[in-house]
Amino acid sequence: MKKSLSQLFARKALVRAIAGASVIAGATLAVPAYAQETSAAVRGVVTDASGQAISGAEIEIKSLSTGFTKRATTDDTGSYFVRQLPAGVEYSVSVKASGEGSARTERLPLTVGESAEMNYRLGSGLEEVVVLGRAVNVAVTAIGPNAVFSASDLQDSPAINRNITDVIGQDPRIYIDQSGSADAIQCNGANPRFNSLTLDGVRLNDGFGLNSNGYPTQRMPFPFDAVSSVAVEMAPMSVVYGGFSACNINAVTKSGGNELFGSVFMDYTSDAMQGDSLEGESVEVPDYDETRYGFEVGGALIKDKLFFYGAYEKYEGVDFNNRGAIGSGAINEVQVSQAQLDEIRQIANDVYGYAPGTSSPGTFDFKDEKYIAKLDWYATDTQRVALTYNYNDSFNVTESDGDLNEFEFADHFYNRGAELETMIASLYSDWTPNFSTELRAARTDVNFLQAPRAGNDFGEIRVELENADVYFGGDDSRHANELNYTIDQLVFRGRYQLGAHTITGGIEREEYDIFNLFYQHVDTEIRFDGIDNLRDGLADRVYYGNALSNNQDDIAESFSYAINYLYLQDEWQVNDKLTMTFGLRYDRYETSDAPNLNQSFQDSYGFGNDQTLDGRDLIQPRFGVAYDFSEEVQLRAGAGLFSGGNPNVWLSNTYSNTSTTAVQARIDGVDLFSQNYVNCEEGVPSGPGYCVPQDIADIVSAGDGSNFEIVYLDPDFEVPSEWKYTAGVTWYAPMDWTVTADLQISRGEDTAVYKRGDLEQVGTNDQGYPVFDSVRDASFVLTNAKNGNESESLSFSGFKSWDNGLDLRVGYAWTQAEDVNPMGSSVAFSNYIFRAFEDPQGDELGTSDWQIEHRVTAVLNYTADFFNGYETRVSLFGQWNSGLPYSLTLDGADGTIGAFGFQPFLDFEPNVLPVGGERNGETGSSFGKVDMRITQDLPGFSPEHRGSLFVVVDNLTNLVNDEWGVFRQPNRPGVTQADLDNGASQQRVGGTSLWSMRVGVNYSF
């Protein structure tokens, strides 16, 4: 229950703040702030003993670590508002008024984007009121549903991956996809690519769109220890927010202080600290060990003026190949015998002169290195400069074809990663007590890595057996694959306090400069129907794609574009109970680079394939209201239009697939041993896999081909957007519970999808499927769906802290999400076919692949002093969610041939619904687990130092019982009746299902 300070605290009382209450899943209070700004604020009202406003009271807010001080005076209403306070540190607040006494708050922690409401009542007969912390420490960000996590939340949670995803998933609306190593963040059932990640106010997204985790790198691109706080906002009703339509994840890094501080850590795990049985059966766990280590240090170069901070982290780990033959004991056994695999390996070696790698479960080594350096210069009391440099270089060894009916030899995997450099410079200025500005410039450079472990000498071989396909050689999508891009960002923002109104205006610009070389089958893909045909060299199909010059470098495309942002907002403090925000945001795209014009396309369609985003724009209105209904109940609501998060890779498809510089070709029924071969790499044998058959090379050189499509942007394409409507309540309930509830409704407009541009429906067949005819040059078009994506989410959460060291957070979220196309791929063809449909050209909404209908989370923390001042902390994080949706479909041949007669070509995927079928109408197995962290503080080498030992257990439930905590993922794009009959409708994900443990040590000074 909210009370005045005079009611809550006695003279010189030191009151302990509620531990960890800065994280209330879904909590928002009445006062908006701007998490993308990286700073925090303090505001409030000063009154006398009778409750009358005190005008001219002096407010002083001082950083306890840096000495940075800001001052203000209250206006005629007794109100004050202090902005642009560096986040992630603690402050003291002093209040003085002539003849009325004083009040003081010590150790007030402010997290990113927070606007702490601190009201003071003076003249109550007390000489001075002293407060340690706050009675209820609930972070406040922009109006709208959110979750905020402090540095202590990050450090004390069972974050076994040292990734913010380990922690933000404690909010029930935020689902972390644990099916692989990416840990993609799904907010309220939305595509993870529609999120935005910001670091110190700068967007650090996946600037091209290849990564499902939303990061520009394989893992979190900055050191875990460097993060002071994180805010996740689903629908912030402030015009400052942009570049996303799902959620914004904002991290702020630590800064140095007057006192030297730092820490070092190391943790370790191995196969001895991982489970080796699932559901009563032993599984094969390869020998491995992993080590992570790092440090952080901060301090002052000039006391009270110039501060430094740096952090470094290195991860020497392994990726797993969990697939094996029948009877191998692998976590995932594929329906192929070891004898068949041995025969294929022998043929690869003896007939084709190629060693395909191992066929048994194993590990691949990788390294991940990251560091950050930061300077903060408090030039004057009104001017502050911050400089940040961040670097990350990492990769994973990734499967290429990993469905349950696919098996890859070890060298068919590929290395996937990136090298990233980001530089950020920010200037914060207070020009008058009422006017402040922020200027920020940033550059991000990313060099992306996608390299076959087999190298680029040998193409892809696919052997189609009765129940599985077997692959060796270099994956066909990595034969010609090189990407690098640069993002330049400029932000200028100002705020003016005009009585009860805070006017915010700004202009921002993002410039993208992209180089992309991507083309499939440059080293050929050869498919065989069975092992005998592989031995005899009788290929069912041979694919080859290249530049017309047969020089892959001629395929590369470079293009650039920019987005300009303008916004203006009025935040009106109507009275001490009601706050309203009104604003407009304007986004406009510009570019002078167009795709190469294909004259044949223009003749066929009547317009060119050289359409761009130039001149396309969008106005986004935002409105928010927050109301203190009573001391116990606070209400909030908002409505706003959001845009962003559409991956650049979709746009890049229109530049790379013009069929003006390169084409794809296919020849069928080929006797490989009777062919002439050309385009051999230097020093390799002349033959299949290493070289290109003369016949198909000539087709490409002539610009002919089959089964290849131009990709173009719809001339009438509109910028996709999404309306978000929110309502929420925070209730300070009896027995010291803090309860929140939030409703969010989203309605998409002009949602981006891929369709075939050449097809027209000419009828309906006897089964009820549409019949199409290709009436123009074959193409895919990036266009807008007639029906926009839709979602609804309702969430509840509760928090309580006890005096005995316990605190508990519980949360529940219900989500319903529908889309036309999940758009989970990077290329047009894959986006088109990897979904379930009755009409591949239709715009019908269906349950989204990203929907998690029910999700429950709980965090229980316990702190005790068993060892004379050295705390023991135990943290448990439990989660449960309903199963992932999936579709019951026809098998590949029944769909591609039986339903559509090859038109359109659907690649024999199980993607066609029975007539009257429902996309994602089925639900897979639910999943739940509990993670645990135990930390024991230890004495350091001096009284100010602290050591600690910690143990983190991922999936403690599986450790207790090997039938618990098992995660299964349904097959996509569809599950056939044969899959159901064979028990192969879902894939068991071993890395998530098996318990694992890490032990480590940390030393802080």
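Calculation criteria
Residues numbered from 1 in each chain as written. Predicted model: local features only at pLDDT ≥ 70, side-chain atom pairs only at ≥ 80, totals over all residues. Heavy atoms only, no water. Disulfide = S-S within 2.5 Å. Helix = DSSP H or I, 4+ residues; strand = E, 2+ residues; numbered from the N terminus. Buried < 20%, exposed > 50% of the residue type's maximum accessible area, 1.4 Å probe, protein only. Salt bridge = Lys/Arg side-chain N within 4 Å of Asp/Glu carboxyl O. Phe/Tyr/Trp six-rings, centres within 6.5 Å; stacked < 30°, edge-to-face > 60°. Lys NZ or Arg CZ within 6 Å of the ring centre and 35° of its normal. Expected span 1.5 Å × (residues − 1). Arc of directions from axis to C-beta. Contact = heavy atoms within 4.5 Å. 1 Å grid on protein atoms, 1.4 Å probe; cavity = no way out; pocket = protein on both sides within 12 Å on 5 of 7 lines; lining within 4 Å. Points joined across faces, edges and corners; volume = space filled by probe spheres on them. Nonpolar A, V, L, I, M, F, W, Y, C, P; charged D, E, K, R; others polar. Pairing = 2+ DSSP bridges. Axes fitted to C-alpha atoms, helices over the stretch in contact; angles between N-to-C directions.

Novice: Lay out the state of the cysteines in plain terms, naming residues and giving numbers.
Specialist: A complete count under the given rule lists two disulfides for this structure. Through a disulfide, Cys187 is tied to Cys247; the S-S separation comes to 2.1 Å. Classification of the bridge connecting Cys187 and Cys247 rests on its S-S torsion, roughly 45 degrees, and on that basis the disulfide is right-handed. Of this pair, Cys187 sits in strand β12 (residues 185–187) while Cys247 is found in the loop between β15 (227–233) and β16 (248–253), placing the two residues 60 residues apart along the sequence. For the pair Cys187 and Cys247, a shared accessibility class is recorded, and that class is buried. The disulfide partner of Cys680 is Cys691, and the S-S distance across this bridge is 2.0 Å. Taking the sign of the torsion about the S-S bond as the criterion, the disulfide between Cys680 and Cys691, at about 120 degrees, is right-handed. One end of the pair, Cys680, is in the loop between β40 (677–678) and β41 (692–693); the other, Cys691, is in the loop between β40 and β41, and eleven residues separate them in sequence. Numbered in order of appearance, the disulfide-bonded cysteines of the protein are paired 1-2, 3-4.

Novice: For the pattern of salt bridges, give the residues involved together with the corresponding values.
Specialist: Taken as a whole and assessed by the stated rule, the structure comprises 51 salt bridges. The closest approach of N and O atoms between Arg478 and Asp475, which form a salt bridge, is 2.6 Å. Relative accessible area serves as the criterion here: at 14%, Arg478 is assigned to the buried category. When salt bridges that share partners are traced, they join Arg203, Glu438, Arg440, Arg493, Glu508 and Glu510 into one network.

Novice: Tell me about the packing of aromatic side chains, and name the residues and values.
Specialist: The tally for this structure, following the rule as stated, stands at 43 aromatic pairs. Aromatic pair Tyr288 and Phe320: ring centres 4.9 Å apart, planes at 90 degrees, arrangement edge-to-face. With a gap of 32 residues between them, Tyr288 in the loop between β19 (281–282) and β20 (289–302) and Phe320 in strand β21 (residues 306–321) connect regions that are remote in the sequence. Ring centres of Tyr512 and Tyr561 lie 5.1 Å apart, and the angle between their planes is 10 degrees; this geometry places the pair in the stacked category. Residue Tyr512 is located in strand β32 (residues 501–519), and its partner Tyr561 is located in strand β35 (residues 557–573); the two are separated by 49 residues in the primary sequence. Residue classification places Tyr512 among the buried positions, given a relative accessible area of 12%. Three or more aromatic residues link up through ring pairs in this structure, and these residues are Tyr354, Phe407, Phe409, Phe458, Phe472 and Tyr690. One residue, Arg162, lies across the ring of Phe265, its end atom 3.7 Å from the ring centre. Against the face of Tyr428 rests Arg384, its NZ or CZ located 3.9 Å from the ring centre.

Novice: Got a sec to walk through helix α4 (residues 338–350)? Specific residues and values, please.
Specialist: Here α4 contains 13 residues, and its C-alpha end-to-end distance of 18 Å stays within 8% of the 18 Å for a straight helix at 1.5 Å per residue. Every buried residue of α4 is listed here: Leu341, Ile344, Ile347 and Ala348. Taken end-on, α4 shows its buried residues confined to a sector of 125 degrees, consistent with a single buried face. The exposed residues of α4 that point more than 90 degrees off its buried face are Ala339 and Asp350. For α4, the elements touching its buried residues are β26 (406–408), β29 (460–464), β30 (469–473) and α5 (531–536).

Novice: Break down empty space enclosed by the protein for me, with residues and values.
Specialist: Per the stated rule, a full pass over the model turns up ten cavities of 30 Å³ or more. Around the largest cavity, the lining comprises 42 residues; the ones closest to its centre are Gly644, Gly645, Asn646, Pro647 and Asn648. Within the residue set of the lining of the largest cavity, elements represented by two or more residues are β13 (196–199), β31 (480–498), β32, β35, β36 (578–590) and α7 (648–656). Within the lining of the largest cavity, the residues separate by chemical class into 22 nonpolar, 15 polar and five charged.

Novice: Break down the sheet that holds strand β10 (residues 146–150) for me, citing the residues and quoting the values.
Specialist: With mixed pairing, the five strands of this open sheet are ordered in space as β10-β15-β16-β13-β14. Each edge of the sheet is formed by a strand with only one pairing partner; in this case those strands are β10 and β14 (202–203). As judged from the five bridges shared by β10 and β15, these two strands associate in the antiparallel manner. Bridged to Ala147 within β15 is Val232.

Novice: With reference to specific residues and values, describe the sheet that holds strand β34 (residues 538–547).
Specialist: The strand order across the open sheet formed by six strands is β26-β30-β29-β33-β34-β39, and the pairing between neighbours is mixed. Both outer strands of the open sheet, β26 and β39 (662–671), are each paired with one neighbouring strand and no more. The mean inter-strand angle of the sheet, taken between neighbouring strand axes irrespective of direction, is 20 degrees. Summarising the sheet, β29 and β30 pair through five bridges and their orientation is antiparallel. Bridging from a neighbouring strand, Ile461 pairs with Phe472 of β30. Strands in contact with α4 are β26, β29 and β30; relative to β30, the strand with the most contacts, it is inclined by about 30 degrees.

Novice: I'd like to hear about the pairing of strand β56 (residues 927–939), residue by residue, with values.
Specialist: With ten bridges connecting them, strand β53 (residues 872–881) and β56 associate as antiparallel partners. What sits directly across from Leu876, in β56, is Met932. Relative to strand β57 (residues 946–954), β56 runs antiparallel, the two sharing eight bridges. Within β57, the position partnered with Ile934 by the bridge is Val951.

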